[in-house]
Amino acid sequence: MTTNALDNLLSRITDLDLRRAVESEVNILRDTKDFGLVFERHLPEEVRLLSHPITRGVKVQERKSASSETWTVHSVKAGIATLVDDDDGGDAAIERPIEDLVVVRGFGEPIYPGLKSVGKVERGGNKPYHTVINGENFYALETLLYAYEGQVDCIYIDPPYNSGARDWKYNNDYVDGEDTYRHSKWLSFMEKRLKLAQRLMNPEGSVLIVTIDEKEYLRLGLLLEQVFRGCDIQMVSSVINPSGSSRQGRFARTDEYLFFVFIGSANITPWTTDMLRDQSESARKKVRWSSLIRNGEGSRRTRIPSLFYPIFIGKETGDFHSVGEPLARDALADSVVCPPETLAMLPIDGSGQELMWRLHPPTLRDYLSKGYAKFGKRDNKTGFRAPQYLQRGTIKKVESGEIKTLGRDEEDAMVIEFEEGAKTYSPMTVWNRVSHSAGDHGSAMLKALIPGRKFPFPKSLYAVEDTLRFFVGDKRDALILDFFGGSGTTTHAVARLNRQDGGRRRSILVTNNEVSDDEAKALRKAGHYPGQLDWETLGIFEHITKPRVTAAVTGRTPDGHAVAGSYKFTDMSPMAEGFEENIEFFELTYLDHNSVARGKAFEAVAPLLWMKFGALGPIITKVKKPFAAPAGSTYAVLFDINRWPEFVEALRDREEVRYACIVTDSLAQFQQVVAEMPHTMGVSMLYEDYLRNFEINTGAGR
Ligand SMILES: C[S@@+](CC[C@H](N)C(=O)[O-])C[C@H]1O[C@@H](n2cnc3c(N)ncnc32)[C@H](O)[C@@H]1O
């Protein structure tokens, strides 16, 4: 019963005393009852900070063990930490070498994040960089708020599905089907991250996409309604396993779900399919290839003799060889001398009538080299292949981008299936696309890019690409975030979208460096532990995400071989071509509050400033007094505010520098300098005490 219905009923009680008594009881109930999705929110979540230094006061656990037993560091001397157990009143102290310990932070305790570059791929010229971050996503999201609050156009996430098969970790431990709190843990985990995601999204127009399956879709739907109050939410059912995964005595599962949360003015841009039916070729406006032979009125050879010439094709292979020269006016057709092993095709019809081609030899040669002319199937009797070409109007549309091409075929002819935009469809809520099969275009794609490396359940590249296209297809500079990045499919899909329309979209991917439950067991058995090289190199970020994204962009596998195969369905280019994109990889690091002296943390937060100002050009990594404005940079940092006149002067002719960051603790001084800066320049203030800018995990502002 809704609260309104209750109020209605209460108002109908005519006995005033009775009404007051019942109202008071109802109010007590109202205070204790939670309306909506009920789950245990207070399960503490804590995370191991593998790279955090072991210093006095931090909470630690044993690095080599999966146990959650926690101590506080009382002191550190010569690499040995003295630990006390807070639960024992701090009396009993034990000693451990610091390399055997790892810092843990509960949610709510302040953390100071930094980003450390761990590699890059640069093939995109002056395009902005995609960023791929290795880190716990809760902290990564909080960190990203500094750079991107309210700016993200699209978030796509594929979180752990909580299958009960130890497929995700809560508090450093895999959650299994026996855990009675597993739904609460999952909801609590998701709610915290979704609330941060919400703050990153552009309130004017953005979309959140979450994939999920049968295990949690009902709870996720309710959670999304609660977090994103007032937003339109739709759920799509998508076939991702066409052969079905059998369930004893139940329907075989062939699909999973996608939730779409529409924020502000976000809308779908229709595409060339409704995602459910295979739109018949006839429904699409097919691009017409015209026959090169001209027949009908006025097509006789004698009318324009220069259009009567041979085209040579391989006698055995049927492959195009060359375009010959026009025959002399009265030369016989069989006087043509063929290059070795070729046949001459002339414009002669079935009744032996000598006609003409529609293009002169130089134009045909030019068209063939550009893929605007091609040959049809081989006629078994004559061995000929009918030549075809694109008319001038069609070529114009191809060259202006109005008609999209899907690459070249094996004979180098343009592949154009239909006129893009000629007919578009509103997508349905049930998707059935062979291209979305996770096995065929997720796992198999990884096999081609990073042979021999395994990752459970990557999405089909084309599924992510199609999903994103509905929202960022027409936003060529969109900012797209995936904070459950896994194998990096989202970054790859964004690179594909950019290639299809010359876009400068940017993706930010976050993933941790977990190993699977089985791998963890085997590694522990072999004496390894988290943080150790042997362990970390097998983690998802190091072993899968970074090499996969690198292979996709460079077109080379980790062993240096050209990636085999071609993309399918749309833009069928060879995978070995890679993409003209820039990517920088980062590790989320944690600074120690005590050891970060005033002004000493700049290096660690420098990439965040660079991201804030567009992730373009070089990162200003070092404090350089009075200011830093390196060549190629799109932003500049003033470290010594007293020298602001020089700064303003130096930026006067630097049009490419669009943002300035001023390091000062004085708001008044900051405002004074802002007034002197060109109005077109974005200006931000950075406190000298970096900790004031970057303290996260305190719940402040939420
Ligand atoms: C289901 S997978 C995503 C797969 C991805 N869509 C693809 O196509 O490869 C979820 C990923 O999120 C990562 N993950 C889970 N919890 C995380 C957390 N708290 N922080 C960062 N990454 C996390 C896991 O390592 C896993 O790779």
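Residues numbered from 1 in each chain as written. Predicted model: local features only at pLDDT ≥ 70, side-chain atom pairs only at ≥ 80, totals over all residues. Heavy atoms only, no water.

(A) A look at the environment of Leu196. Within the secondary structure layout, Leu196 lies in helix α4 (residues 182-200). Residue classification places Leu196 among the buried residues on the basis of a relative accessible area of 0%. Separated by 253 residues in the primary sequence, Leu196 and Leu449 have C-alpha atoms spaced 33 Å apart. (Helix = DSSP H or I, 4+ residues; strand = E, 2+ residues; numbered from the N terminus. Buried < 20%, exposed > 50% of the residue type's maximum accessible area, 1.4 Å probe, protein only.)

(B) Expanded view of the domain arrangement of the protein chain. Split into domains, the protein chain comes out as domain 1 (3-32), domain 2 (46-106), domain 3 (128-278 + 426-579), domain 4 (290-400) and domain 5 (597-694). Between domain 2 and domain 5, the C-alpha centre-to-centre distance is 38 Å. (Domains from an automatic or database assignment.)

(C) Molecular detail of α4. Helix length check: α4 (19 residues) gives 27 Å between terminal C-alpha atoms against 27 Å at 1.5 Å per residue, within 8%. The element α4 is largely enclosed, with a buried count of 14 among its 19 residues. (Expected span 1.5 Å × (residues − 1).)

(D) Focus on the site of the ligand. Taken together, 18 residues lie around the ligand, and Asn137, Asp158, Ser487, Thr489 and Asn512 are the ones closest in. The contact in question runs from a nitrogen atom of the ligand to an N or O atom on the backbone of Asn137, over 2.8 Å. Counted by class, the shell around the ligand contains six nonpolar, eight polar and four charged residues. (Near = heavy atom within 4 Å. Polar contact = N/O pair within 3.5 Å; in protein donor to acceptor, adjacent residues only side chain to side chain. Nonpolar A, V, L, I, M, F, W, Y, C, P; charged D, E, K, R; others polar.)

(E) The arrangement of the state of the cysteines in detail. Per the counting criterion, the structure on display carries zero disulfides. With no disulfide of its own, Cys231 lies 14 Å from the sulfur of Cys154, the closest cysteine sulfur. (Disulfide = S-S within 2.5 Å.)

(F) Highlighting the sheet that holds strand β1 (residues 46-49). Ordered by their spatial adjacency, six strands build an open sheet running β1-β6-β2-β3-β4-β5, and the pairing between neighbours is antiparallel. Of all strands in the sheet, those bounded by a partner on one side alone are β1 and β5 (93-97). In this sheet, neighbouring strand axes are inclined to one another by 45° on average, regardless of whether the strands run parallel or antiparallel. Two elements, strand β2 (residues 59-62) and strand β3 (residues 71-77), share two bridges in a ladder whose sense is antiparallel. Note on β3: the bridge partner recorded for Val60 is Trp71. (Pairing = 2+ DSSP bridges. Axes fitted to C-alpha atoms, helices over the stretch in contact; angles between N-to-C directions.)

(G) Molecular detail of helix α11 (residues 517-525). If you check which residues of α11 are buried, you get Asp517, Ala520 and Leu523. Seen from one end, α11 has its buried residues packed into an arc of 125°, which puts them on one side. Within α11, the exposed residues directed more than 90 degrees away from the buried face are Asp518 and Lys525. Tucked into the core, α11 has its buried residues touching β10 (165-170), β11 (173-176) and α12 (533-536). (Arc of directions from axis to C-beta. Contact = heavy atoms within 4.5 Å.)

(H) Local environment of the pairing of strand β12 (residues 205-212). Of all the eight residues making up β12, eight are buried; the element is thus mostly covered by neighbouring parts of the structure. Going residue by residue along β12, you find Gly205, Val207, Ile209 and Thr211 tucked away on one face and Ser206, Leu208, Val210 and Ile212 tucked away on the opposite face as well. Here strand β9 (residues 154-157) runs beside β12; their pairing, made up of four bridges, is parallel. Within β12, the position partnered with Tyr156 by the bridge is Ile209. Here eight bridges tie β12 to strand β16 (residues 255-264), and the two strands are oriented antiparallel to one another. By the bridge assignment for β16, Ile209 is matched with Phe260.

(I) Looking closely at the pattern of salt bridges. What the rule picks out here adds up to 36 salt bridges. Between Glu411 and Arg385 there is a salt bridge whose closest N-O contact spans 2.9 Å. Here Glu411 is found in the loop between α7 (392-400) and β25 (430-431), whereas its partner Arg385 is found in strand β24 (residues 385-389), with 26 residues between them in sequence. We note a salt bridge from Asp571 to Arg499, for which the minimum N-O separation is 2.8 Å. Here Asp571 is found in the loop between α13 (540-554) and β28 (582-591), whereas its partner Arg499 is found in helix α10 (residues 489-501), with 72 residues between them in sequence. Using a relative accessible area of 8% as the deciding quantity, one classes Asp571 as buried. A residue is classified by how much of its surface remains accessible, and Arg499, at 34% relative accessible area, is partly exposed. (Salt bridge = Lys/Arg side-chain N within 4 Å of Asp/Glu carboxyl O.)

(J) Inspection of the packing of aromatic side chains at higher detail. Considering all chains together, one arrives at 23 aromatic pairs under this definition. Note on Tyr367 and Tyr372: the rings are 6.1 Å apart at their centroids and 85° apart in plane angle, and the pair reads as edge-to-face. One exposure class covers both Tyr367 and Tyr372, and it is buried. Chaining the aromatic ring pairs together yields one cluster made of Trp168, Tyr170, Phe189, Phe483 and Phe484. (Phe/Tyr/Trp six-rings, centres within 6.5 Å; stacked < 30°, edge-to-face > 60°.)

(K) Local environment of the packing of α4 against helix α5 (residues 217-227). Taken N-terminus to C-terminus, the directions of α4 and α5 make an angle of 35°; their axes are 10 Å apart at the nearest point. Crossing geometry of α4 relative to α5 is assigned as right-handed. Only Arg219, Leu220, Leu223, Leu224 and Val227 of α5 make contact with α4, whose side of the interface consists of His183, Trp186, Leu187, Met190, Glu191, Leu194, Lys195 and Gln198. Its residues assigned to classes, the contact of α4 with α5 comprises eight nonpolar, two polar and three charged. (Left-handed = near helix turned anticlockwise from the far one by under 90°.)

(L) Here's a closer look at the sheet that holds β25. With mixed pairing, 10 strands are arranged side by side in an open sheet as β7-β28-β8-β27-β26-β9-β12-β16-β13-β25. The outermost strands of the open sheet, each flanked by one partner alone, are β7 (112-122) and β25. Those strands touched by helix α14 (residues 602-612) are β7, β8 (129-134), β27 (506-511) and β28, and its axis lies near 65° from that of β7.

(M) Expanded view of the side chain of Ser437. Mapped onto the secondary structure, Ser437 falls in the loop between β25 and α8 (438-449). The buried category is assigned to Ser437, whose relative accessible area is 4%. Residues within four places of Ser437 in sequence aside, it is in contact with Ile240, Pro242, Gly442 and Ser460.

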